[in-house]
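This is what each chain is made of:
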Amino acid sequence: MLNWSVAEAKKVSERLHREGAKIGLDTNHKEYAYIREERNRRLKEIAEKYGLPHNLK
């Protein structure tokens, strides 16, 4: 899962760079949102499957 999220973020960054968009810590956060949402969904699924505590939504 970590490999997936890193690879997806890299794809987004490369696309933004090709498009000439500004890239920085406070820019384009909406472009990366689906990665965070999917990562959290998968983590929650794993935590619930194994009865681990979590506060993921």
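Residues numbered from 1 in each chain as written. Predicted model: local features only at pLDDT ≥ 70, side-chain atom pairs only at ≥ 80, totals over all residues. Heavy atoms only, no water.

Draft legend 1. Examining helix α1 (residues 2–19) more closely. Compared with the 26 Å implied by 1.5 Å per residue over 18 residues, the 26 Å span of α1 between its first and last C-alpha is a close match. Of the positions making up α1, those classed as buried are S5, E8, V12 and L16. Down the axis, α1 shows its buried residues gathered within 70° of arc, on one side only. Along α1, exposed side chains directed more than 90 degrees from the buried face belong to N3, V6, K10, H17 and R18. In this structure, the buried residues of α1 make contact with α2 (29–49). (Helix = DSSP H or I, 4+ residues; strand = E, 2+ residues; numbered from the N terminus. Expected span 1.5 Å × (residues − 1). Buried < 20%, exposed > 50% of the residue type's maximum accessible area, 1.4 Å probe, protein only. Arc of directions from axis to C-beta. Contact = heavy atoms within 4.5 Å.)

Draft legend 2. Geometry of the side chain of E8. For E8, the position within the fold is in helix α1. Residue class for E8 comes out buried when judged on its relative accessible area of 13%. Sequence-distant contacts of E8, defined by excluding residues within four places in its chain, comprise Y34 and I35.

Worth remembering: the numbers are spatial, not functional.
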